[in-house]
Amino acid sequence: MSTELDFHLDDLAPADADSEYAEQQFWSGDLTVLTEHHTAPHGSHSYVVAHDGSVTWGVPGEPQVAAIKVARDLSLNTFTMETAYHATVPFAQNWLIEHGCPPEQITEVGAGFSTPADDLTVRIEAQIRESGTRYEVIESQTSDYDPCEAWTLTRDSQAAQAPVRLFLEEGDSNAHTYTLREGAFPDEETALRWLDDRSTPLPQPQDHLGETAALRTRAALARSAGSSEIPKTAPGAHQSAAAVPVQRSVQGRLL
């Protein structure tokens, strides 16, 4: 996988005005490929997750992870292009899966980016990636200054209680790792107040509490042993773009 993006559209024309507009929004020098899948044997479809560096110069807080689908009609020499921007990689992957990309082909992110700091992060990422239309995105924020973080506020159609879910990704630029946590709130206002205040721990869903306690125990044991080792991730865990490129830092919430 190359980190440079090439849609191979030189001999093709956009099939409609939306596709022409979408193509014009991208300059390959701004995009860093995180994961991609191209169908064989004729390359009729391409699915790409990329970090768009140009967004960092725009409106503060805008999502920087682009999900891009290209469909080529080689008999007509035309293409269609659809795009969507997300705060974090798992939501971009979910969008591509919902638009026809085989899930197993878009899971892994290339080497050289931040990696998950623990197993709970890996599990929550898979939960988002495989969620279908479960989460309705309400709002998101990506920051470019310390502390390094990105969050997505959603409504969970499967939650009987606390249906507003906040997915908070925090990066450690020194270790090149990040954590992802899910918060559960009764409504949007409560979630936004927590983001502004943060004087209390993130209220996690019941099924995450046991895992969080286990992680704290493991961290305490590591400290007592004088170890700074980061908890190991599950095999095949992918990297995220919350700190892509790894030198990115993040600011507090700006609304």
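Now for a quick tour of the structure. (Residues numbered from 1 in each chain as written. Predicted model: local features only at pLDDT ≥ 70, side-chain atom pairs only at ≥ 80, totals over all residues. Heavy atoms only, no water.)

**Concerning the overall build of the protein chain**
The test is simple: Strands here mean DSSP runs of E at least two residues long; helices mean DSSP runs of H or I at least four residues long; both are numbered from the N terminus. Buried residues are those whose accessible area, probed at 1.4 Å on protein chains only, stays under 20% of the maximum for their type, while exposed residues exceed 50% and partly exposed ones sit between those limits. Accessible surface is estimated by sampling points in the Shrake-Rupley manner with a 1.4 Å probe; for residues, cover comes only from the protein chains shown.
A count of helices and strands for the protein chain gives 5 helices and 10 strands. Residue burial in the protein chain is summarised as follows: out of 255 residues, 47% are buried. When the accessible surface of the protein chain is totalled, it reaches about 12,600 Å², and 50% of it is carbon and sulfur.

**A closer look at helix α3 (residues 119-129)**
The condition that has to hold: Under this definition, polar contacts are N or O atom pairs within 3.5 Å; protein pairs additionally need one hydrogen-donor-capable and one acceptor-capable atom, and for neighbouring residues in sequence, both atoms have to be side-chain atoms.
The element α3 is largely enclosed, with a buried count of 9 among its 11 residues. Taken residue by residue, α3 has L120, T121, V122, I124, E125, A126, Q127, I128 and R129 as its buried positions. N-capping of α3 is provided by D118, with a side-chain oxygen placed 3.4 Å from the backbone N of L120.

**Here's the deal with the pattern of salt bridges**
Note the cut-off: Whenever Lys or Arg places a side-chain nitrogen within 4 Å of a carboxyl oxygen from Asp or Glu, that contact is recorded as a salt bridge.
Summed over all chains, the structure comprises 6 salt bridges. Linking R155 and E188 is a salt bridge whose minimum nitrogen-to-oxygen distance equals 3.3 Å. Separated by 33 residues along the polypeptide, R155 in strand β8 (residues 149-156) and E188 in helix α4 (residues 188-197) bring together distant segments of the chain. Among the residues examined, E188 registers a relative accessible area of 26% and is labelled partly exposed. R165 is the salt-bridge partner of D156, the closest N and O atoms lying 3.9 Å from each other. Given the relative accessible area of 3%, D156 is considered buried. R165 sits in the buried class, given a relative accessible area of 9%. The structure contains a network of salt bridges with shared partners spanning R134, D156, R165 and E182.

**Regarding the environment of V109**
Note on placement: V109 falls in the loop between α2 (89-98) and β6 (115-116). Spatially, the C-alpha atoms of V109 and L34 are 5.2 Å apart, while their sequence positions differ by 75 residues.

**Observations concerning unusual backbone geometry**
We note that H176 has phi near 60°; this positive angle belongs to a residue other than glycine. With respect to the helices and strands, the residue H176 is situated in the loop between β9 (164-172) and β10 (177-185). The backbone of R198 sits at a positive phi, close to 60°, despite the residue not being glycine. In this structure, R198 sits in the loop between α4 and α5 (206-224).

**Let's talk about the pairing of β10**
Inclusion rule: Paired strands, in this sense, are two strands between which DSSP finds at least two bridges.
Judged by how many residues are buried, β10 sits mostly within the fold: 9 of 9 residues are covered. Where burial is concerned, the two faces of β10 agree: the one with T177, T179, R181, G183 and F185 and the one with Y178, L180, E182 and A184 are both buried. Pairing analysis gives 2 bridges linking β6 to β10, with the strands arranged parallel. Residue P116 lies in a different strand from β10, and its bridge partner there is Y178. Sheet analysis places β9 next to β10, joined by 9 bridges and oriented antiparallel. Along β10, the bridge assignment pairs V164 with F185. The antiparallel pairing of β9 with β10 creates a hairpin that spans 4 residues between the two strands, and H176 there sits at a positive phi of about 60°.

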